[in-house]
Number of protein chains: 2
Amino acid sequence: MLNLKTLFTLNYGLYIVSSVSKDGKVNGMIANSVEQVTAEPVRLAVTLNKESLTHEYIKQSGLICVQPLTEKANMIFIGNFGFRTGRNFDKFARISHKLNKEGLPVVTENTAAYLILRVINSLDLETHTMFICSLEDADILDASVPTMTYNFYHQELKGKTPKGAVTYQK
Amino acid sequence: MLNLKTLFTLNYGLYIVSSVSKDGKVNGMIANSVEQVTAEPVRLAVTLNKESLTHEYIKQSGLICVQPLTEKANMIFIGNFGFRTGRNFDKFARISHKLNKEGLPVVTENTAAYLILRVINSLDLETHTMFICSLEDADILDASVPTMTYNFYHQELKGKTPKGAVTYQK
């Protein structure tokens, strides 16, 4: 028995994952594949599709900004980051954000926090790369609203899982 | 700024993670650190403390059973698997379960599904090991109740995070 519906019983959050290229261009995407993997020292794992532009920028800068979405984020906001490439579109053009000292974009609407990560190791997973990261800088932005779970995105917002996501099923 | 409270804005599920030793002994523990990492082929990552007995058994058998808890699981049930070692206590003695063909324990109460994993790679994370696994066998056990999130465990059940967990903070 290999019932792939069991994979939908795993729980995740939903995050904006962004980075900066070597010449200062920014890009971000939506991902569920972020987790803390050790406590002392603090290490996080971020797993992204190799074909994504954000993956390319992370390879260049070694830096990642992770931001948990709050339940205030709607499908228009999420769709700005997901379901399209940033190769011919500035995803941050109409999004409230600031650039940190390394040029990483920190979104200041619909996000609960920012976590600035530095890649210290990576694991090749064929279609995806898992980046193992230290935590360099982090703060809470909005604690007034619950963070968005992947279940909330699917059930309340009727969101889809795009091809290329770690949890995609045909 | 390095506000470690930001780590609590990441979302997880809560799972029984169990294994079998080379001489057929079984043990299980509670963990939040389970995620799917690629879709084609399906691969999952399970990150466990090196000092845990379940970690020792996984090293011996190369097999893991992951079971998402449902919201029906109470603190007595969870406490049976968490907060204590199986080195001098049979955690499955009073828990409804069956053994699969490889001798892995599949808990049949308070779990939404079972996922039988085979370790195909591992990543050393100092205090923890991340096991990268294929999915060998899986089915739904109870779809009538929501699966338990780590937030539900903390907020509704007032559960604690024990030392040794990937998300532990002093």
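For the structure given in this document, a descriptive report is provided here. Predicted model only: the values in this text are computed from it and were never measured.

### Quick word on helix α1 (residues 53–61) of chain B
Residue and element names in this part refer to chain B.
1) Next: For α1, the set of buried residues is T54, H55, Y57 and I58. Here the buried residues of α1 occupy an arc of 165° about the axis, which is enough to place them on one side.
2) Next: Buried residues in α1 make contact with β1 (15–20), β2 (26–31), β4 (43–49), β5 (63–68), β8 (113–125) and β9 (128–140).
3) Next: A positive phi of about 70° marks G62, the residue just after α1.

### Overview of the relation of the copies chain B and chain A
Between the two copies of the chain lies a rotation about an axis combined with a shift along it.
1) Next: Mapping chain B onto chain A is achieved by rotating through 180° and translating by 0.0 Å along the same axis, at an RMSD of 0.0 Å. What the rotation and shift describe, once combined, is the action of a two-fold rotation axis. Within chain B, the C-alpha atom positioned nearest to the axis of rotation is that of Y12 of chain B, 2.5 Å from it.
2) Next: When you check the interface residues of chain B against chain A, 100% turn up at the interface there too, and the contact is symmetric in its surfaces.

### Remarks on the environment of K50 of chain A
Residue and element names in this part refer to chain A.
1) Next: Along the chain, K50 falls in the loop between β4 (43–49) and α1 (53–61).
2) Next: Spatially, the C-alpha atom of K50 lies 21 Å from that of P68, the residues being 18 residues apart in sequence.
3) Next: Among residues more than four places away in sequence, those in contact with K50 are H55, T127, H128 and T129.

### Some details on the sheet that holds β1 of chain B
Remark on secondary structure: sheet strands pair via backbone hydrogen bonds, oriented parallel or antiparallel.
Residues and elements named next belong to chain B.
1) Next: The strand order across the open sheet formed by 7 strands is β2-β1-β5-β8-β9-β4-β3, and the pairing between neighbours is antiparallel. Unpaired on one side and paired on the other, β2 and β3 (34–38) mark the two borders of the sheet. Going from strand to strand, the sheet's axes swing by 35° on average, the running direction of each strand aside.
2) Next: The pairing of β4 with β9 spans 7 bridges and is antiparallel. Within β9, the residue paired with V46 across the bridge is F131.

### Focus: the interface of chain B and chain A
1) Next: With 43 residues of chain B in contact, the opposing surface of chain A contributes 43 residues.
2) Next: Secondary-structure elements contributing two or more residues to the side of chain B that touches chain A are β3, β4, β8 and β9 of chain B.
3) Next: The dominant element in the side of chain B that touches chain A, judged by the number of residues it contributes, is β9 of chain B, at 7 residues.
4) Next: Class assignment for the residues of the side of chain B that touches chain A results in 21 nonpolar, 15 polar and 7 charged.

### Some remarks on unusual backbone geometry
1) Next: Here the amide bond leading from E40 of chain A into P41 of chain A is cis, since omega sits at 0°, within 30 degrees of zero.
2) Next: Inspection of the secondary structure assignment puts P41 of chain A in the loop between β3 (34–38) and β4.
3) Next: Here the phi dihedral of E126 of chain B falls at roughly 65°; this positive angle occurs in a residue that is not glycine.
4) Next: Along the chain, E126 of chain B turns up in the loop between β8 and β9.
5) Next: Positive phi, normally seen in glycine, also occurs at K158 of chain B, with a value near 60°.
6) Next: We classify K158 of chain B as exposed; it has 8 C-beta atoms within 10 Å.

Conventions we followed
- Residues numbered from 1 in each chain as written.
- Chains lettered and ligands numbered in written order.
- Predicted model: local features only at pLDDT ≥ 70, side-chain atom pairs only at ≥ 80, totals over all residues.
- Buried ≥ 20, exposed ≤ 12 C-beta atoms within 10 Å, placed from the backbone.
- Helix = DSSP H or I, 4+ residues; strand = E, 2+ residues; numbered from the N terminus.
- Arc of directions from axis to C-beta.
- Contact = placed C-beta atoms within 7 Å.
- Least-squares fit on C-alpha atoms with pLDDT ≥ 70 in both.
- Pairing = 2+ DSSP bridges.
- Axes fitted to C-alpha atoms, helices over the stretch in contact; angles between N-to-C directions.
- Nonpolar A, V, L, I, M, F, W, Y, C, P; charged D, E, K, R; others polar.

Keep in mind that these numbers describe shape and distance, not what the molecule does.
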